[in-house]
Amino acid sequence: MTAQAQSLTRPITFNAARFEPVPFKVYTQRDFDQIVPLAKLSEAQRFEMKVVSSVLPFRVNQYVIDELIDWDNIPADPMFQLTFPQRGMLAPEHFDRIATLLEHGADKKDVDAAVDAVRHELNPHPADQMEMNMPRDEHGNRLEGIQHKYRETVLFFPSQGQTCHSYCTFCFRWAQFVGDKELRIASSEAETLHAYLRHHCEVTDLLFTGGDPMVMKTRHLRDYLEPLLKPEFDHIQTIRIGTKALTFWPHRFLGADDADELIALLERLTEAGKHVALMTHFNHWKELDTEATQAAVRRLRKAGVVIRGQGPLIAHLNDDPDVWARMWKTQVRLGILPYYMFVERDTGARNYFEVPLVRAWEIYRDAMQQVSGLGRTARGPSMSASPGKVEIQGVTEVAGEKVFVLRFIQGRNPDWVQRPFFAKFDPQATWFDHLKPAFGDEKWFWEDEYEAIRDDKLSIES
Ligand code: SF4
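Residues numbered from 1 in each chain as written. Predicted model: local features only at pLDDT ≥ 70, side-chain atom pairs only at ≥ 80, totals over all residues.

Caption draft 1: View of the pairing of strand β11 (residues 388–398). Where strand β10 (residues 379–384) meets β11, 3 bridges bridge the pair, whose relative direction is antiparallel. Looking at β11, one finds that Ser 382 is bridged to Glu 391. As paired strands, β11 and strand β12 (residues 401–411) are joined by 10 bridges and run antiparallel to one another. For Gly 388, the partnering residue across the bridge sits in β12 and is Gly 411. The hairpin formed by β11 and β12 contains 2 residues between the paired strands, and Ala 399 there has a positive phi angle of roughly 50°. (Pairing = 2+ DSSP bridges. Helix = DSSP H or I, 4+ residues; strand = E, 2+ residues; numbered from the N terminus.)

As structure tokens, this is what we get:
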């Protein structure tokens with residue numbers, strides 16, 4: 001039997017006794033030397049990791065080291081690429097600047113200053129997150145920790161959830177993890193959130209995000225979520241929780257101290273009629289292949305939680321249609337709904353991870369052709385740009401011109417949604433702002449309106 005066939009047919013069992021509490025052991029940049037299997041790498045390779053992780057966040061835990069990474073296949077192993085820094089993640093001039101300082105034992109304050117300068121050159125807040133998405137209260141004060149970009153959906157960043165069980169090397173929220181307060185978007189105020197939702201009855205969906213809200217203790221999650229059962233929050237129909245815990249720490253749902261309370265809380269919400277959706281981040285079928293992850297999925301589904309799978313397309317990790325097809329097939333078998341293939345965002349180590357848009361579309365199409373109808377629920381490739389979520393629908397020729405066919409899945413103005421529009425074909429383009437309108441048009445159909453919305457928001461800021 002092939003490895004693929006084995007993975008797709010492994011029986012899913014949940015035996016609580018098998019998932020006794022497991023200690024959570026984490027390693028950060030200071031602990032490279034304690035990660036035993038890294039001894040397989042040369043000293044020069046380990047130094048490169050230290051350089052890169054001075055700029056970009058690094059955090060990994062024992063479960064990832066033991067269960068996910070194939071140490072006989074490093075550095076190419078996709079789970080290694082997912083979690084461990086690689087030299088190519090920094091531009092050569094950035095790498096050399098920091099490496100020289102470290103090699104010469106420079107003062108901490110000089111290293112910190114250089115690191116800070118490099119970080120600010122890496123577009124820490126893509127898509128105008130800071131300027132355009134943060135709402136204000138009736139007195140004009142910015143509501144920290146809340147983003148309200150699309151009419152029906154509010155994003156909430158609980159301050160206790162602004163870290164993750166491990167960090168993804170390509171994370172577009174990397175800026176939140178490097179300890180720069182200016183770059184953080186977080187709130188500890190449950191009351192701020194509830195007051196905002198009380199006054200915004202147009203909001204139906206609340207998305208808890210981070211970091212990873214599943215790093216929070218259940219008692220903190222309860223403070224935020226339980227009040228939503230009151231009748232005044234009947235308009236909040238869906239509670240989405242963005243998480244990669246099913247990959248990085250599935251024991252959160254199994255043997256962790258307060259796992260049973262967490263499952264009970266989620267069950268209470270679903271039984272009261274809320275749609276609780278776990279927006280799980282997956283990049284590769286390997287993440288779904290462990291016994292603990294499969295048991296956690298089963299436990300969550302029994303509690304009535306709907307699990308959706310989404311993740312970006314990343315060079316060195318999953319830029320292969322067979323990886324996506326196998327991941328979507330496995331998700332369907334486990335009862336996870338394939339939801340999105342994203343394009344890697346224009347921030348951080350994008351030069352290392354990005355894939356040309358045309359290639360992204362080819363990979364999506366090829367993967368789609370390999371799965372049944374139930375696997376074809378994944379949308380994409382999709383870019384979360386400032387005007388909205390833009391999907392690449394295809395490449396074609398119209399009146400002799402080669403074009404990308406695009407549509408808004410979400411837009412700052414709901415009227416833009418689902419209207420097809422066209423960009424000049426560009427084989428090098430890797431992000432939305434590389435594209436130009438097709439047919440000699442000077443502007444996108446939505447551009448004037450978007451500029452007006454932008455001016456409006458930015459004038460409130462200044
Ligand atoms: S789990 Fe999500 S927020 Fe956390 S590091 Fe990965 S991509 Fe970033």
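Caption draft 2: Looking closely at the site of the ligand. Cys 164, Tyr 167, Cys 168, Cys 171, Arg 173, Gly 210, Gly 211, Asp 212, Lys 244 and His 281 make up every residue found near the ligand. Looking at the shell around the ligand, its residues break down into 4 nonpolar, 3 polar and 3 charged. (Near = placed C-beta within 6 Å. Nonpolar A, V, L, I, M, F, W, Y, C, P; charged D, E, K, R; others polar.)

Caption draft 3: The arrangement of the pairing of strand β9 (residues 337–343) in detail. β9 sits mainly inside the fold: 5 of its 7 residues count as buried. Sheet topology places strand β8 (residues 306–313) next to β9; 6 bridges connect them, and they run parallel. Bridged to Gln 310 within β9 is Tyr 340. Viewed along the sheet, the connection from β8 through helix α13 (residues 321–334) into β9 turns out right-handed. Relative to β10, β9 is paired through 2 bridges, and the arrangement is parallel. By the bridge assignment, Phe 342 is partnered in β10 with Ser 382. (Buried ≥ 20, exposed ≤ 12 C-beta atoms within 10 Å, placed from the backbone. Right-handed = clockwise from strand over helix to strand, strands pointing away.)

Caption draft 4: A look at the domain arrangement of the protein chain. Along its sequence, the protein chain is carved into domain 1 (24–120) and domain 2 (126–313). For domain 1 and domain 2, the distance between their C-alpha centres works out to 28 Å. Across the boundary between the two partners, domain 1 contributes 21 residues, which contact 15 residues of domain 2. Elements with a contribution of two residues or more to the side of domain 1 that touches domain 2: β2 (59–61), α3 (62–68) and α4 (78–83). Examining the composition of the side of domain 1 that touches domain 2, we find that 5 residues originate from one element, α4, more than from any other. Of the residues that constitute the side of domain 1 that touches domain 2, the class distribution is 14 nonpolar, 4 polar and 3 charged. (Domains from an automatic or database assignment. Contact = placed C-beta atoms within 7 Å.)

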